Amino acid sequence: MRIWVGGGLRDADDARVSVLDHGLTVGDGVFETVKVTRGRTFALTRHLDRLGRSARGLGLPDPDTDELRRAVAAVVEANPVPLGRLRITYTGGLSPLGSDRGDAAPGLVVALGEATRRPDSTAVITVPWTRNERGAVTGLKTTSYAENVVALARAHEQGASEALFPNTVGQLCEGTGSNVFVVLDGQIHTPPVSSGCLAGITRALAAEWAGARETELPQDVLERADEIFLTSTLRDVQAVHRVDGRELPGAPGPVTAKAMRIFDERAADDLDP
């Protein structure tokens, strides 16, 4: 694996960041995950735009978009894979121990690992922990992911691939790394960003292309939804066949199957929508 770090490509064994990088010590950083298929990135412009919004939300300098594109192109060329997960990480850089940020330039790491195609449907669980829809970093894609690590580990313990969070007022919010959609009486709904969920790139495209509504939804909508599906960079649109102990036989249902088909077709027509 060849990784972009320190302004150029390095072999994986030589790709290092300082132990005093603020992204490591306090999680002061932002990131994006981009799908790469046979050397081609998907929705890269949207991902870079969101990286910039997340950086500004943390008070980090705007990333250099030209450098980001050079780094992405170099990493993709150096690591040919049929399907890959490209990770762009942008951090607070060298800083004192503690929450104060130093004067050093931000850190940038771009890496690409091979991925496998997700199954058409999956199982999910709900967890008792909440997303804070009014937090300082709500809606930012930060490297502070320990909450998600804990919740996803519980999902795996229960034979599921994702865990879904409510927010502090009991509304359905999002997964550890996905957005959630439900089908009620033939209409697709997804929680609004005001619920505290991340404004997912795939979420926005799927909502636009499949005609979903942003709706405040109670968490217990999962107990009565006709269909449920997830969206994320590597899931695209993925049906849910079980949520907690509730089975949804026949998943993907007709509405989800149509959304999956539309997404595949539209994404194939435009790699940078």
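Up top is the structure these notes are about.
The rules behind the values
Residues numbered from 1 in each chain as written. Predicted model: local features only at pLDDT ≥ 70, side-chain atom pairs only at ≥ 80, totals over all residues. Heavy atoms only, no water. Pairing = 2+ DSSP bridges. Helix = DSSP H or I, 4+ residues; strand = E, 2+ residues; numbered from the N terminus. Contact = heavy atoms within 4.5 Å. Axes fitted to C-alpha atoms, helices over the stretch in contact; angles between N-to-C directions. Phe/Tyr/Trp six-rings, centres within 6.5 Å; stacked < 30°, edge-to-face > 60°. Buried < 20%, exposed > 50% of the residue type's maximum accessible area, 1.4 Å probe, protein only.

A. Layout of the sheet that holds strand E5 (residues 83-91). Here we have 6 strands laid out as an open sheet, ordered E2-E1-E6-E5-E3-E4, and antiparallel in their pairing. Two strands close off the open sheet at either side, each with one partner strand: strand E2 (8-11) and strand E4 (40-41). Of the pairings in the sheet, the one linking strand E1 (residues 2-5) to strand E6 (residues 107-114) comprises 2 bridges and is antiparallel in character. Considered in E6, the bridge of Val 5 is made with Val 109. Packed onto the sheet, helix H2 (residues 44-58) meets strand E3 (29-37), E4 and E5 and runs at close to 175° relative to E3. Its contacts with the sheet put helix H3 (residues 65-78) on E1, E2, E3, E4, E5 and E6, and the angle it makes with E6 is roughly 30°.

B. Spotlight on the packing of aromatic side chains. According to the stated counting rule, one finds 4 aromatic pairs in the structure shown. Look at Phe 31 and Tyr 145: their rings are 5.2 Å apart centre to centre, the planes differ by 80°, and that puts the pair in the edge-to-face class. Remark: Tyr 145 occurs in the loop between strand E7 (121-126) and helix H4 (146-157) and Phe 31 occurs in strand E3; sequence separation between them is 114 residues. A relative accessible area of 4% places Phe 31 in the buried class. The exposure class assigned to Tyr 145 is partly exposed, which follows from its relative accessible area of 28%. Ring plane angle 10° and centroid distance 4.8 Å describe the contact between Phe 181 and Phe 229, whose orientation is recorded as stacked. You can see Phe 181 sitting in strand E10 (residues 179-184) and its partner Phe 229 sitting in strand E13 (residues 227-232), a full 48 residues away along the chain. The pair formed by Phe 181 and Phe 229 is uniform in burial state, with each residue classed as buried.

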